[in-house]
Number of protein chains: 2
Amino acid sequence: MSLDTLNWKILKLLQQDARMSNAEIGRRIGISSPAVAERIKKLEDAEVIQGYTAYVSPFKAGYQLKAIITLRAFMGMLKPFLEKVKSFDEVVNCYRITGNENIVMEVVLKNQKHLETFIDKLITYGETKTQIVLSHVVKDSEIKPA
Amino acid sequence: MSLDTLNWKILKLLQQDARMSNAEIGRRIGISSPAVAERIKKLEDAEVIQGYTAYVSPFKAGYQLKAIITLRAFMGMLKPFLEKVKSFDEVVNCYRITGNENIVMEVVLKNQKHLETFIDKLITYGETKTQIVLSHVVKDSEIKPA
DNA sequence: GGTGAAAGCATCTGGTG
DNA sequence: CACCAGATGCTTTCACC
């Protein structure tokens, strides 16, 4: 998929505001709205754009705590964990990584008690390390031309 | 801000597809489109919804590598780093955390060479630990009622 | 990539419980 | 106060160039 200047301008605008109308995008980058629609469709079909999402504040939604939890899975427990983790509502992001530890997760929690019960759910799968998030310094910054 | 059942249904739909029209949302949850528009506006004003974004595949955009980099800042280098990190295009997310290490970052990189030059940029600020992401098991899962 | 007509949508207004 | 219904102006969509 060729990402020319125009496509990158569209990606930039949609990353900044996914609900911007095609007409408005067209006005800003100097093409007609059908042309914008066509380009967006191709970007979606090529899976350059994988979806559009509203960013809901976990804090405003009742999650007072954010944490980074690292897991070092016990022998034979990595596969079961990878299946199970999808069902944990607390886990916003989960990465499988290289190194001594196998998993890094970003989790949201209601309070300390919730953190405690969540960690208890993990101990069957492996050793955990928990780091509480103090602030979110950079938040889903936009992908730029490589 | 009160998050009733209807508001949570709207949040769910917008998290799944931020470009869904108000009319379509209204059809699915059983209210009129002006009512949807009004509720969305209030959710935005209360900063429950903090924005709408297109998810662009880093891989399709030319970033072959993803990594989790942990930084333990040198004495007096945390503040300068927190200022500087916003300008690093490679950093998609950056958290300040509790514990021995001060910072966790999610970064996207073109290739190993790019990883090397990026780590070089960090060594003035502190000690780094790099973990290459093998797979993204859970990706920005939606926030659910707490 | 543009244009123009038809269908659909957002938004404003006024009105109801 | 939250919602609905109808009118108006944009927007999307589809034809075609």
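Let me begin by describing the structure that accompanies this report. Being a predicted model, the structure only gives us computed values, none of them experimental.

1. Some points on the pairing of strand β4 (residues 103-109) of chain B
All names here are of chain B.
- Where burial is concerned, most of β4 is hidden: seven out of the seven residues are buried.
- Here β4 shows two buried faces, one formed by I103, M105, V107 and L109 and the other by V104, E106 and V108.
- Where strand β2 (residues 65-73) meets β4, seven bridges bridge the pair, whose relative direction is antiparallel. Across the sheet, residue T70 finds its bridge partner in β4, namely V104.

2. Description of the pattern of salt bridges
All names here are of chain A.
- Here the structure, examined in full by the defined rule, presents 22 salt bridges over all chains.
- For the salt bridge of E24 with R28, the shortest nitrogen-to-oxygen distance reads 2.7 Å. With E24 and R28 both in helix α2 (residues 22-29) and four residues apart, this pair spans about one turn of that helix.
- For E24, a relative accessible area of 23% translates into the label partly exposed.
- Taking the relative accessible area as the measure of exposure, R28 reaches 52% and is therefore exposed.

3. Remarks on the interface of chain B and chain A
- At the junction of the two partners, chain B supplies 64 residues and chain A supplies 64 residues.
- Roughly 5,800 Å² is buried in total at the junction of chain B and chain A, and carbon and sulfur atoms are behind 55% of that figure.
- Across the chain B-chain A interface, the total number found is four salt bridges.
- Across the pair A:K129 and B:E101 runs a salt bridge whose closest N-O atoms are separated by 3.7 Å.
- For the pair chain B and chain A, the interface holds 47 residue pairs in polar contact (both at pLDDT 80 or more).
- Mapped onto the side of chain B that touches chain A, the elements with two or more residues apiece are α1 (5-16), β1 (49-56), β2, β3 (91-97), β4 and β5 (126-138) of chain B.
- In the side of chain B that touches chain A, the residues fall into 35 nonpolar, 14 polar and 15 charged.
- Judged from the four bridges that link them, strand β3 (residues 91-97) of chain A and β5(B) form a sheet pairing that is antiparallel. Bridged to A:Y95 within β5(B) is B:H136.

Rules of the game
Residues numbered from 1 in each chain as written. Chains lettered and ligands numbered in written order. Predicted model: local features only at pLDDT ≥ 70, side-chain atom pairs only at ≥ 80, totals over all residues. Heavy atoms only, no water. Buried < 20%, exposed > 50% of the residue type's maximum accessible area, 1.4 Å probe, protein only. Helix = DSSP H or I, 4+ residues; strand = E, 2+ residues; numbered from the N terminus. Pairing = 2+ DSSP bridges. Salt bridge = Lys/Arg side-chain N within 4 Å of Asp/Glu carboxyl O. Contact = heavy atoms within 4.5 Å. Buried area = accessible area lost by both parts, 1.4 Å probe. Polar contact = N/O pair within 3.5 Å; in protein donor to acceptor, adjacent residues only side chain to side chain. Nonpolar A, V, L, I, M, F, W, Y, C, P; charged D, E, K, R; others polar.

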